[in-house]
Amino acid sequence: MMKGYDRDEALAFILARIHAKDHPELADQMETLIGQAIDADMKYMHENGVLDEEGNAGDCYYEDDEAFEYMVEALVDANTLTPEQAGKVASLIDDYMDIQQAYLESKGLVEWE
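Residues numbered from 1 in each chain as written. Predicted model: local features only at pLDDT ≥ 70, side-chain atom pairs only at ≥ 80, totals over all residues. Heavy atoms only, no water.

## Section: the pattern of salt bridges
Evaluation of the coordinates by the stated rule reveals six salt bridges. Glutamate 9 is paired through a salt bridge with lysine 107; the nearest N and O atoms lie 3.3 Å apart. Taken together, the positions of glutamate 9 in helix H1 (residues 7–17) and lysine 107 in the segment after helix H4 (83–106) put the pair 98 residues apart, joining distant regions of the chain. Each of Glu25, Glu84 and Lys88 takes part in salt bridges that share partners, so that together they form one network. (Salt bridge = Lys/Arg side-chain N within 4 Å of Asp/Glu carboxyl O. Helix = DSSP H or I, 4+ residues; strand = E, 2+ residues; numbered from the N terminus.)

## Examining the packing of H1 against helix H2 (residues 30–47)
One can describe the packing of H1 onto H2 by two numbers: an axis separation of 10 Å at closest approach and a directional angle of 130°. Taken together, the axes of H1 and H2 are oblique relative to one another. When you trace H1 past H2, the crossing you get is right-handed. Along its contact with H1, which presents Arg7, Ala10, Leu11, Ile14 and Leu15, the element H2 presents Met30, Glu31, Ile34, Gly35, Gln36, Ile38 and Asp39. (Axes fitted to C-alpha atoms, helices over the stretch in contact; angles between N-to-C directions. Parallel < 35°, antiparallel > 145°, perpendicular 65-115°, else oblique. Left-handed = near helix turned anticlockwise from the far one by under 90°. Contact = heavy atoms within 4.5 Å.)

## A closer look at the environment of leucine 33
One can find leucine 33 in helix H2. Setting aside anything within four residues of it in sequence, one finds leucine 33 in contact with Leu26, Leu75, Asn79 and Leu92.

## Side note on a negative patch on the surface
Judged by side-chain charge, Glu63, Asp64, Asp65, Glu66, Glu69, Glu73 and Asp77 come together as a negatively charged surface patch. Mapped onto the elements, glutamate 73 comes out in helix H3 (residues 64–79). (Patch = residues over 30% accessible without salt bridge, like charges linked within 9 Å, V, L, I, M, F, W, Y side chains within 5 Å. Areas by Shrake-Rupley, 256 points an atom, 1.4 Å probe, with all protein chains shown as cover. Lys, Arg positive; Asp, Glu negative; His and termini not counted. Charge placed at Lys NZ, Arg CZ, Asp CG, Glu CD.)

## Brief notes about H3
Here H3 spans 22 Å end to end across 16 residues, near enough to the 22 Å set by a 1.5 Å rise per residue. The complete set of buried residues in H3 reads Ala67, Phe68, Met71, Val72, Leu75 and Val76. With its buried residues spanning 160° around the axis, H3 presents them on a single face. Exposed side chains of H3 directed beyond 90 degrees from the buried face belong to Asp77 and Ala78. (Expected span 1.5 Å × (residues − 1). Buried < 20%, exposed > 50% of the residue type's maximum accessible area, 1.4 Å probe, protein only. Arc of directions from axis to C-beta.)

## Concerning the packing of aromatic side chains
Inspection of the entire model under this criterion finds four aromatic pairs. Look at tyrosine 44 and tyrosine 62: their rings are 5.6 Å apart centre to centre, the planes differ by 85°, and that puts the pair in the edge-to-face class. In this pair, tyrosine 44 sits in helix H2 while tyrosine 62 sits in the loop between H2 and H3, placing the two residues 18 residues apart along the sequence. Its relative accessible area of 18% is what places tyrosine 62 among the buried residues. Connected via pairs of aromatic rings, a cluster forms that spans Tyr5, Phe13 and Tyr103. (Phe/Tyr/Trp six-rings, centres within 6.5 Å; stacked < 30°, edge-to-face > 60°.)

## Focus on the nonpolar core
Ile34 and Ile93 are the most contacted members of the largest nonpolar core, which has 37 residues in total. For this core, the elements supplying multiple residues, two or more each, are H1, H2, H3 and H4. A per-element tally of this core places H4 first, with ten residues. Here isoleucine 34 is in contact with Leu11, Ile14, Leu15, Ile18, Leu92 and Tyr96, once residues within four sequence places are set aside. (Core = buried A, V, L, I, M, F, W, Y, C linked by side-chain atoms within 4.5 Å.)

Written out as structure tokens, the structure is:
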């Protein structure tokens, strides 16, 4: 986990801002899927050197496209989704990434250039 990152607080922040009406097919799974997205996002950052073992900034940059693909694949695999459902999850992950960035910035955990 990222040093200073509160997973429960981030989950609440994201769920309050993500619009279930934009993802009606996933509305009943929203909390689970966003929680899985957070976990996959953190795993991506650790595996790719964006974060070190202690959760501090690593030596590598966060690659949005790679992280997006990583998270979508993780959620598809974890939930055994069909290709149609995978497309819907991809849309959800796209929204998640924007709101996650807003959360990180609101906590002063990262500055995006």
